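# Coordinate inspection notes
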Amino acid sequence: MAVQRTFSIIKPDATKRNLTGAITAKLEEAGLRVVASKRIRLTLEQAQTFYAVHKDRPFFGELTEYMTSEPIVVQVLEGEDAIAKNREVMGATNPAEAAEGTIRKEFALSIGENSVHGSDGPDTAKEEIAYFFSGLEIVG
Ligand code: ADP
């Protein structure tokens, strides 16, 4: 497997509880290198655009309000098989179902407030990175 880049968000529930460092440490321990990082506050419109794929789901309003409730930290992660590796270290969407040692098992509060986002495939990774970062901001 070649070196890949993926997109990660440390979500509002985690930045609020000062878990940015602890979560980043878990990502780095998994072999992922942080090649871009910034703390931002999403507008409702940006959250709705980012999660447009979920616009017809019953939790869309709750999700987009939550994503704007506190600052987030957006990151580009690089490494061998980075997309799958990040999904593995994140754990299942619902923390009650997440494996031991994963970020969501350790830190997530609920299926909604689940501490991290990670791209689910190469196309979304590319799209999500480009939505938040310019080429100049990514330093491998
Ligand atoms: P993942 O983030 O694991 O890729 P999804 O793409 O299915 O999961 O969902 C995106 C985000 O929407 C989740 O991370 C979570 O914050 C929120 N979400 C998903 N399902 C629910 C739900 N049933 N109730 C509330 N929020 C949800």
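Rules and cut-offs
- Residues numbered from 1 in each chain as written.
- Predicted model: local features only at pLDDT ≥ 70, side-chain atom pairs only at ≥ 80, totals over all residues.
- Heavy atoms only, no water.
- UniProt positions renumbered as here; feature names shortened; annotations may be inferred.
- Helix = DSSP H or I, 4+ residues; strand = E, 2+ residues; numbered from the N terminus.
- Contact = heavy atoms within 4.5 Å.
- Buried < 20%, exposed > 50% of the residue type's maximum accessible area, 1.4 Å probe, protein only.
- Pairing = 2+ DSSP bridges.
- Axes fitted to C-alpha atoms, helices over the stretch in contact; angles between N-to-C directions.
- Near = heavy atom within 4 Å.
- Polar contact = N/O pair within 3.5 Å; in protein donor to acceptor, adjacent residues only side chain to side chain.
- Nonpolar A, V, L, I, M, F, W, Y, C, P; charged D, E, K, R; others polar.
- Phe/Tyr/Trp six-rings, centres within 6.5 Å; stacked < 30°, edge-to-face > 60°.
- Lys NZ or Arg CZ within 6 Å of the ring centre and 35° of its normal.

The name an unreviewed UniProt entry assigns to the chain is Nucleoside diphosphate kinase, from the organism Jannaschia seohaensis. In the Subunit (unreviewed entry) part of its UniProt record, the chain is described as follows: "Homotetramer." Entered under Cofactor (unreviewed entry) in the UniProt record, the comment concerning the chain runs "Mg(2+)".

With that out of the way, let us pick up the environment of Phe7. Residue position: Phe7 is located in strand E1 (residues 3–10). Considered as a pair, Phe7 and Glu127 are 120 residues apart in the sequence and their alpha carbons are 9.1 Å apart. The contact partners of Phe7, leaving out residues within four places of it in the chain, are Phe50, Val74, Gln75, Asn86, His117, Gly118, Ser119, Ala125, Glu128, Ile129, Phe132 and Phe133.

Moving on: the pairing of E1. In regular strands, side chains alternate between the two faces of the sheet. A large share of E1 lies buried, amounting to 6 of its 8 residues. The pairing of E1 with strand E3 (residues 72–80) spans 8 bridges and is classified as antiparallel. From the neighbouring strand, Phe7 faces E3, where its bridge partner is Val76. Here E1 runs beside strand E4 (residues 116–118); their pairing, made up of 3 bridges, is antiparallel. Paired with Ser8 across the strands is Gly118, a residue of E4.

The antiparallel open sheet is built from 4 strands, whose spatial order is E2-E3-E1-E4. The sheet terminates laterally at strand E2 (33–40) and E4, the two strands that pair on one side only. Here the average twist between neighbouring strands, direction ignored, is 20°.

Quick look at the site of the ligand now. Lining the immediate environment of the ligand, one finds Lys11, His54, Phe59, Glu62, Leu63, Arg87, Thr93, Arg104, Ile111, Gly112 and Asn114. In the environment of the ligand, an oxygen atom lies 2.6 Å from a nitrogen or oxygen atom belonging to the side chain of Thr93. The separation between an oxygen atom of the ligand and a polar side-chain atom of Asn114 is 2.9 Å. Residue classes in the shell around the ligand are distributed as 3 nonpolar, 4 polar and 4 charged.

To continue, consider the packing of aromatic side chains. Taken as a whole and assessed by the stated rule, the structure comprises 5 aromatic pairs. With 5.0 Å between their ring centres and 5° between their planes, Phe7 and Phe132 make a pair best called stacked. Taken together, the residues Phe7 in strand E1 and Phe132 in helix H7 (residues 122–132) connect sequence positions 125 residues apart. Since its relative accessible area comes to 0%, Phe7 is described here as buried. Since its relative accessible area comes to 9%, Phe132 is described here as buried. Both rings, one in Tyr131 and one in Phe132, keep their centres 4.9 Å apart while their planes meet at 85°; by these two values the pair is edge-to-face. For Tyr131, a relative accessible area of 37% translates into the label partly exposed. Here a set of aromatic residues connected by ring pairs shows up, and it is made of Phe7, Phe50, Tyr51, Tyr131 and Phe132. Its end group placed over the ring of Phe133, Lys38 keeps NZ or CZ at 4.6 Å from the ring centre.

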